[in-house]
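Here is what each chain is made of, one letter per residue.
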Amino acid sequence: MTRRNAGWAILKAASAAGGAAFFAHWLKAVQPVTSAHGHESHVQAPPDPHNWEAYKPQFFSAEDFHMLDLVTATLIPSDDTPGAHDACVAHFIDFVVYAAAEYAPDMQAQWRRAMAYLRGEQFVTMSEEQRVALLERISEPERDASKRNPGYKHYALIKDMTVHAFYTSRIGLVDVLKYQGLAYLTEFPGCSHPEHEKV
Amino acid sequence: MQKFDVIIAGSGACGGWACMALAQNGFKVALVEAGSHIEPFRDFHHQWPYQLPFRGAGQPGYLRRYHRGATEYNYRIMIDDADNPYTTPPDKPFRWLRSRVLGGRTLHWSRASDRFSDLEFKAASRDGYGEDWPISYADIAPYYDRVERFIGVSAAPANLPQFPDGVFLAPMPLNCAETIFSAAAQKIGFPATPRRVAQLTRTWNNRPPCHYCGNCVNGCDVGAMFSTVSTTLPPALKTGNVTLLCDSVVSHVLMNKENRASGVRYVERYTNRSVEIGASVVVLAGSSLENTRLLLNSANGGLANSSGVLGKYLMDQIGGADVTGFLPPLKDTPIRNDDGKAGGLYIPNFTNIGPKPGSSGFIRGYAMSASGGAALFPAFASGLAGFGSSYKKQVNLLYPAAARVWLSGGEMLPRKDNFVELDANVRDKWGIPVLKITCTHCDNDRRLYNDFFARAQELFRAARGEIVDAKPYLSPPGSLIHEVGTSRMGNDAKTSVLNSFCQTHDIPNLFVFGGGCFVTTGDKHPTLTMMALTARGCDLLVDLARKGDMA
């Protein structure tokens, strides 16, 4: 099996063509192209077919959705590269959690609790420094396994999904990570570094 | 009743090969497949995570009905466990990953194609445990040649007695992480070579070479990786001798009064209609355990079971937690295409191959693999502490440096008390009794895994790697998806189900191809050996039929 894919946190917790024309297409496919954010890439990544900007939240209330957008943007901020807000991470999370109703209602309950927790902490009205301080505090068990914090499970839930959503988005994968695979290549670009041939 | 020369139940690696070999010899073949028809050029294409509704993870909870390993990319070519259950004793989990689709597991297998050596075929003579195979390397070598030559195996000769070389296409180059691991292996005296894969590096038998997209396990869109649908089925269909019956779940082998197989009964998947077809020869090729289930369901006490061994000596290879971490020289380097070939570096077995097997505290051997680099998903990111800009920079910096060493397969000892039987109380969606699987590891299996774990860390350290995750965990049997045995081969009809040609001792016109015949698991990936044994069995079948012995 593969390590290229990720599953939901909730699941983890619970348990012949040929010929010249054909190859010409491959060669064309590896010409450098410029992405929407101006980074040159050798990957011809197709556009995201979903219009996330126009997506209307279906699971979270308008207030919670705004809060979710803030917390994901604090976890993966827009800095010198795009962040969770640019990648519409909150929109995607809303879509996933909404769709959990059918087979994983427990996932919806977890997200309701996480939102209630952040509401109780007045997350939305906090300053940016206060938000960072809160997340620092509740994420302490992540850095030190001997520590406990009642907010940690909510942090872990939101972070796991944010990381998944961001790095599987076109912005996260192509523009930020600059992933080079899933291409059509005529040969595999193996290691060309003599320094890697000895340790 | 419709009549054929040969009925083949199952269209995976062995069913596909048998279909091609027999149809090309002029036999009228019915290829009966329980799953749906598939056209690789229509059904498989590159998929970016953000193109899928749930970015690869599926609608939350939905994939629970599928086996672990099924993803939003590929669940349609995996099996639905809700429709196709199996049972185990509550304290003895077994993972059984199956496919029901034309081509079976060849559509998403890991393509590793290794030859067994006599160290495996004759292991019992060397260390005194269990039984030897009834064949030696010399018996099977010409068939390895034949299969490799046809399917195309990219590999480098290694010149190691425990890992025989074959007929190879050029190997795929190593990526940076694999190059570093290769140097590390050399430093500490581990053998290492590019993983041998049935994946083309040049145009071969009308199939195009690999284009290095790395999408292999979701179905190859051009047929550069070996699968039944890309490789063996097209020439089989070209003969005009093949009748393809998909969505047809075989439930019984039919017998006549002369104790010969006379055909099969199958259930049409969507209508539940029961249909019988006849043939002079019946070939079971529906995977090790599905073949055994069919035999158990076809007669009281099991068909072809005068030995009483049918269902016994179940094995999987040993697998467990990887050693993962980072390779510092690759941190913060420009992103390269690292996962496009999905191969890895292979460390063939080097334990117990000398004159004193067992001196390492356990018998038999194992093989490791190592790879790393930028992947389609940065799996390490969820486990990386922190958030904010520093976290994001750290993910980018570590992205090309992620690395892991994993157990490709360790030999699990054959034991009679690891077995399958029919569960009288549970039936699948088509009313066929399901298998109850009882399988556990023994102390030798655990010692072998622990040795792997220590050696894997040794390799990681020799590569000057930073180990992040190193918690030993022996996965439940079945996890390696190398389940074999339960209808083992042998020269003695009292202690084995099949002879060395995969023909049942009891019923001369009944053949069983696949891993069921394995006497031991060896430390190699099993598919190439299953296919070579299929090719060998088909040669005998053709000979016997021409002499009139199959009528």
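Heads up: the structure comes first, above all this text.
Residues numbered from 1 in each chain as written. Chains lettered and ligands numbered in written order. Predicted model: local features only at pLDDT ≥ 70, side-chain atom pairs only at ≥ 80, totals over all residues. Heavy atoms only, no water.

Looking at the overall build of chain B
- What chain B contains, in helices and strands, is eleven helices and 15 strands.
- Over its C-alpha trace chain B gives a radius of gyration of 23 Å, about what one expects of a compact globule, namely 24 Å for 551 residues.
- By principal-axis analysis of the C-alpha atoms, chain B measures approximately 75 × 55 × 50 Å.
- Looking at chain B as a whole, 67% of its 551 residues qualify as buried.
- Restricting the contact set of chain B to residue pairs at least 6 apart, pairs at least 24 apart contribute 72%.
- For chain B, the exposed surface amounts to about 18100 Å²; the carbon and sulfur share of it is 49%.
- Counting 57 positive and 49 negative side-chain charges, chain B places the averaged centre of each group 2 Å from the other. (Helix = DSSP H or I, 4+ residues; strand = E, 2+ residues; numbered from the N terminus. Rg over C-alpha atoms; globule rule 2.2 N^0.38 Å. Buried < 20%, exposed > 50% of the residue type's maximum accessible area, 1.4 Å probe, protein only. Contact = heavy atoms within 4.5 Å. Areas by Shrake-Rupley, 256 points an atom, 1.4 Å probe, with all protein chains shown as cover. Lys, Arg positive; Asp, Glu negative; His and termini not counted. Charge placed at Lys NZ, Arg CZ, Asp CG, Glu CD.)

Considerations on unusual backbone geometry
Residues and elements named next belong to chain B.
- Even without being glycine, Asp332 reaches a positive phi, approximately 60°.
- Note that Asp332 resides in the loop between strand S8 (323-326) and strand S9 (345-347).
- Exposure remark for Asp332: the relative accessible area of 59% places this residue in the exposed category.
- You will see that Thr486, though not glycine, has its phi angle at about 90°, which is positive.
- Assignment of secondary structure puts Thr486 in the loop between strand S14 (466-469) and strand S15 (510-512).
- Owing to a relative accessible area of 0%, Thr486 belongs among the buried residues under this scheme.

What to know about the layout of surface pockets
All names here are of chain B.
- Here the second largest pocket defines a volume of roughly 350 Å³.
- In terms of lining residues, the second largest pocket is bounded by 20 residues, among which Gln47, Glu72, Tyr73, Tyr75 and Arg76 are the most central.
- Of the residues that constitute the lining of the second largest pocket, the class distribution is nine nonpolar, eight polar and three charged. (1 Å grid on protein atoms, 1.4 Å probe; cavity = no way out; pocket = protein on both sides within 12 Å on 5 of 7 lines; lining within 4 Å. Points joined across faces, edges and corners; volume = space filled by probe spheres on them. Nonpolar A, V, L, I, M, F, W, Y, C, P; charged D, E, K, R; others polar.)

A word on the side chain of Thr504(B)
All names here are of chain B.
- Structurally, Thr504 is set in the loop between S14 and S15.
- Looking at Thr504, its side chain comes within polar contact range of the main-chain oxygen of Ile507, at 2.6 Å.
- With near-sequence residues (within four places) excluded, Thr504 lies in contact with Ala304, Val497, Leu498, Leu510 and Val512. (Polar contact = N/O pair within 3.5 Å; in protein donor to acceptor, adjacent residues only side chain to side chain.)

Looking at helix H10 (residues 443-462) of chain B
Residue and element names in this part refer to chain B.
- For H10, with 20 residues, the first-to-last C-alpha span of 29 Å sits near the 28 Å given by 1.5 Å per residue.
- Along H10, the residues classified as buried are Asn444, Asp445, Leu448, Tyr449, Asp451, Phe452, Phe453, Ala456, Gln457, Leu459, Phe460 and Ala462.
- A positive phi of about 60° marks Arg464, the residue just after H10. (Expected span 1.5 Å × (residues − 1).)

A few points about the nonpolar core
- By size, the foremost hydrophobic cluster in this structure holds 220 residues, and its most contacted members are Trp111(A), Ile8(B), Phe181(B), Ile277(B), Ile437(B) and Leu510(B).
- Examining the composition of this core, we find that eleven residues originate from one element, helix H11 (residues 527-546) of chain B, more than from any other.
- Among all residues touching Ile437(B), those that are not within four sequence positions of it are Tyr86(B), Thr87(B), Thr88(B), Pro89(B), Lys92(B), Phe94(B), Trp96(B), Leu289(B), Leu314(B), Phe419(B) and Val420(B).
- Core analysis: the next-biggest nonpolar cluster, separate from the first, contains six residues, Leu63(B), Ala70(B), Tyr75(B) and Met78(B) among them. (Core = buried A, V, L, I, M, F, W, Y, C linked by side-chain atoms within 4.5 Å.)

Let's talk about the interface of chain A and chain B
- Between chain A and chain B, the contact holds 84 residues from the first and 82 residues from the second.
- Both sides together, the interface formed by chain A and chain B hides about 7000 Å², and carbon and sulfur atoms give 63% of it.
- Our count for the contact surface shared by chain A and chain B stands at three salt bridges.
- Here Asp106(A) ties to Arg64(B) by a salt bridge, and the two come within 3.8 Å at their closest N and O atoms.
- Inspection of the chain A/chain B interface yields 26 residue pairs in polar contact (both at pLDDT 80 or more).
- Here the side of chain A that touches chain B is built from residues that sort into 48 nonpolar, 19 polar and 17 charged. (Buried area = accessible area lost by both parts, 1.4 Å probe. Salt bridge = Lys/Arg side-chain N within 4 Å of Asp/Glu carboxyl O.)

Considering the packing of helix H3 (residues 62-75) of chain A against helix H8 (residues 152-167) of chain A
Residue and element names in this part refer to chain A.
- Two elements in contact, H3 and H8, have axes separated by 10 Å at closest approach and are oriented at 75°. In terms of orientation, H3 and H8 fall into the roughly perpendicular class. Residues Val71, Thr72 and Leu75 of H3 touch H8, and the partners they reach there are Tyr155, Ile158, Lys159 and Thr162.
- In terms of residue class, the contact of H3 with H8 is made up of four nonpolar, two polar and one charged. (Axes fitted to C-alpha atoms, helices over the stretch in contact; angles between N-to-C directions. Parallel < 35°, antiparallel > 145°, perpendicular 65-115°, else oblique.)

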